[in-house]
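Below are the chains, spelled out letter by letter.
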Amino acid sequence: MIRNVIHLINPYDAGKFPVDVSRLYGIPESQVIQLGSNENPYPPSEEVKKAFHDSISDINQYPHPEYQRLKEAIASYTGTDVERIAIGNGASELLRTICDIVVEPLDRVVIPVPGYTLYAIFAMVRDARIDFIEVPGYAVTAESLGNLSDAKLVFLCSPNNPTGNTIEKKEVEKIVEGCGGIVVLDEAYAEFAGKSCIDLTGRYDNLVVVRSFSKFFGLAGLRVGYAIGNPEIIAAMEKIRLPFGISSVAYRTAIAAVESVEYYEGVKEKIIMERERLAKELKKLGFFVYPSEANFVLVRAKKDVSEELEKSGIIVRNVTGLLGLEGFHIRITVGLPEENDRFLEAIATVSRC
Ligand SMILES: *Cc1c(COP(=O)(O)O)cnc(C)c1O
């Protein structure tokens, strides 16, 4: 009854959550530190808190069907036009919607690795022919991807999850120019890098940039993302999405987040400072640390350290075995300074044993 390809799909690994570690090792949940999901550890802005609370008063109503005011806020934040913006239930939904509007069975979908595992799931559901291209350290260039003239879809991620590095804009341009289909550029972490290719979407009709409110704007629990691209692709995406796919609460709160961007800029500066401190301390401990422009760092270890860290109440993402990564690796989200201290203490102990 269920399609064959569904049996072949490996479920998305969302990592461990504090409640899981609490139950496994008998640690009170409130004492578990979550550095495994690339969430923003800082509280929301006062404006966001207010908008969230105020939204209770019209919770009996549907959100605007086109999410008009949110699109206007995003248009002014990103320097684009409303008709070039699609809204989704997290960036995840938009990644899936793009697959749904372009991929036919056996179409070639190119995914450089090591990369984000969600792309392959959505492409597989469409019966795509997936071409994983191993690019060591995710040093993606047009040359490293080879001929893309027959590719229906290419997934790029900058800064990349889990390596943390970015793709140079001139390489993105070359890839988009050489691609016979659509290039999706996942910019979930772009604000931390301070660079973006959104401006290229005005020049190339086959480039779609996907963004998220989950990382920089710290709204992972609210589930909002957006895509920017040519109006024809955007209209196709908007046509097939769920009606009222994001809640009125998410709609109002996300607008407040964009309007308090200055607060989040301040949070970002703190995260970047801590990221650099984490990287420096991890190098001192002898780890190979990948250069990161995101809110996490990838580290190569000599052994599997994630379980020992969990026993001391710290969750990191174990990415050992991820396609395109050789050896033991963990990805650590930049937390609050005191959380990073506790992590550094724990990993120093674990790596000594
Ligand atoms: C976190 C993340 C997303 C965003 O997902 P949401 O559905 O918006 O929470 C998208 N792409 C990558 C690479 C991510 O790491």
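- Under an unreviewed UniProt entry, the name given to the protein chain is Histidinol-phosphate aminotransferase, and the source organism is Archaeoglobus veneficus.
- Per UniProt, the protein chain has the following entry under Catalytic activity (unreviewed entry): "L-histidinol phosphate + 2-oxoglutarate = 3-(imidazol-4-yl)-2-oxopropyl phosphate + L-glutamate".
- If you open the UniProt record of the protein chain and go to Sequence similarities (unreviewed entry), you find "Belongs to the class-II pyridoxal-phosphate-dependent aminotransferase family. Histidinol-phosphate aminotransferase subfamily."

1. Let's talk about the site of the ligand
- Taken together, the neighbourhood of the ligand is formed by 14 residues, with Ser92, Asp186, Tyr189, Ser214 and Lys215 sitting nearest.
- Ser214 is positioned with one of its side-chain polar atoms (N or O) 2.6 Å from an oxygen atom of the ligand.
- With respect to the ligand, the side chain of Lys215 contributes an N or O atom lying 3.2 Å from an oxygen atom.
- In terms of residue count, the dominant contributor to the shell around the ligand is helix α5 (residues 90-102) (three residues).
- A breakdown of the residues in the shell around the ligand according to their chemical character gives six nonpolar, five polar and three charged.

2. Focus on helix α8 (residues 169-178)
- Restricting attention to buried positions, one finds in α8 the residues Glu171, Val172, Glu173, Ile175 and Val176.
- Buried-residue contacts for α8 involve α7 (142-145), β5 (151-157), β6 (182-186) and β7 (207-212).

3. Looking at the UniProt feature "modified residue: N6-(pyridoxal phosphate)lysine" (unreviewed entry) in the protein chain
- The residues that UniProt annotates with the feature "modified residue: N6-(pyridoxal phosphate)lysine" (unreviewed entry) are Lys215.
- Following the sequence through the fold, Lys215 ends up in the loop between β7 and β8 (225-228).
- Overall, Lys215 belongs to the buried group, its relative accessible area being 13%.
- Setting aside chain neighbours within four positions, we find Lys215 in contact with Ser37, Asn38, Asn40, Ala188, Tyr189 and Phe192.

Quick notes on the rules
- Residues numbered from 1 in each chain as written.
- Predicted model: local features only at pLDDT ≥ 70, side-chain atom pairs only at ≥ 80, totals over all residues.
- Heavy atoms only, no water.
- UniProt positions renumbered as here; feature names shortened; annotations may be inferred.
- Near = heavy atom within 4 Å.
- Polar contact = N/O pair within 3.5 Å; in protein donor to acceptor, adjacent residues only side chain to side chain.
- Helix = DSSP H or I, 4+ residues; strand = E, 2+ residues; numbered from the N terminus.
- Nonpolar A, V, L, I, M, F, W, Y, C, P; charged D, E, K, R; others polar.
- Buried < 20%, exposed > 50% of the residue type's maximum accessible area, 1.4 Å probe, protein only.
- Contact = heavy atoms within 4.5 Å.

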